[in-house]
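Descriptive structure summary
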Amino acid sequence: MTAFQKLCYDTLKHHVPAGSVTTYGNLAKLMKHPKAYRAVGTAMNKNPNAPEVPCHRVVKSNGELGDYAFGSNLKQKRLQEEGVQVVNNKIVNFKDICL
DNA sequence: ACCATGGCCGCGT
DNA sequence: AACGCGGCCATGG
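Residues numbered from 1 in each chain as written. Chains lettered and ligands numbered in written order. Predicted model: local features only at pLDDT ≥ 70, side-chain atom pairs only at ≥ 80, totals over all residues. Heavy atoms only, no water.

**Overview of the protein's contact with DNA strand B**
Put simply, the rule is: Throughout, the term near means that a residue has one or more heavy atoms lying within 4 Å of the molecule or strand in question. Whenever a nitrogen or oxygen atom comes within 3.5 Å of another N or O atom, the pair is scored as a polar contact, on the condition that within protein one atom can donate a hydrogen and the other can accept it, and that pairs from neighbouring residues in sequence are kept only if both atoms are in side chains. Only DSSP runs of H or I covering at least 4 residues are called helices, and only runs of E covering at least 2 are called strands; the numbering of each starts at the N terminus. Residue classes follow a fixed rule: Ala, Val, Leu, Ile, Met, Phe, Trp, Tyr, Cys and Pro count as nonpolar, while Asp, Glu, Lys and Arg count as charged, and any other residue, Gly among them, counts as polar.
The local shell around DNA strand B holds 18 residues, among which Tyr24, Met44, Asn45, Cys55 and Asp67 are the closest. Backbone atoms, meaning sugar and phosphate, make up 45% of the atoms of DNA strand B lying within 4 Å of the protein. Gly25 places a polar main-chain atom, nitrogen or oxygen, 3.4 Å from a phosphate oxygen of DNA strand B. A distance of 2.7 Å separates a base nitrogen of DNA strand B from a polar atom in the backbone of Cys55. Counting only elements with at least two residues in the surface near DNA strand B, the list comes to α2 (24-30) and α3 (37-46). Among the elements that make up the surface near DNA strand B, the one with the highest residue count is α3 (six residues). The class makeup of the residues in the surface near DNA strand B is seven nonpolar, seven polar and four charged.

In structure tokens:
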């Protein structure tokens, strides 16, 4: 496990509660690596222990689900179980629940 | 050390 | 509103 990955997982775990979501780009900013959003996706893909580490709460900047290591269908399921509405592969009220 | 690839982003057309 | 395109950066071969 690299330091960068640990930073991703910790930041995510501490900054994004159930019921809300964030984006790869935003998570990168929170880590003080504003331009590493792409690398964040790579890290999420490695995804050590989901859903312990809530990588399913990280979505695209346009409100679409984005991908998921275990299938975007499962990502949607996980989100809905936390009360996040998803319709047509997009987050409902994205602007309101995105940090 | 080099190259390619990805759970991406924003801008321009 | 839908593409295309270049930029960015950690990983793996």
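Let's pick the thread back up.
**Quick word on the nonpolar core**
Put simply, the rule reads: Throughout this description, the term nonpolar core refers to a set of buried Ala, Val, Leu, Ile, Met, Phe, Trp, Tyr and Cys residues connected via side-chain atoms within 4.5 Å. Between buried and exposed lies partly exposed: a residue is buried under 20% and exposed over 50% of the maximum accessible area for its type, with that area taken using a 1.4 Å probe on protein chains only. Throughout, a contact is declared for two residues whenever any of their heavy atoms are within 4.5 Å.
If you look at the biggest cluster of nonpolar residues, it comprises 15 residues, and the most contacted ones within it are Cys8, Tyr9, Leu12, Leu27, Val40, Met44 and Val58. Looking at this core, the elements with two or more residues in it are α1 (3-15), α2 and α3. Once residues within four sequence positions are removed from consideration, Val58 is found in contact with Leu12, Thr22, Thr23, Tyr24, Leu27, Met44, Leu65 and Lys75. Listed in part, the nine residues of the second largest apolar core include Val21, Leu65, Ile91 and Phe94.

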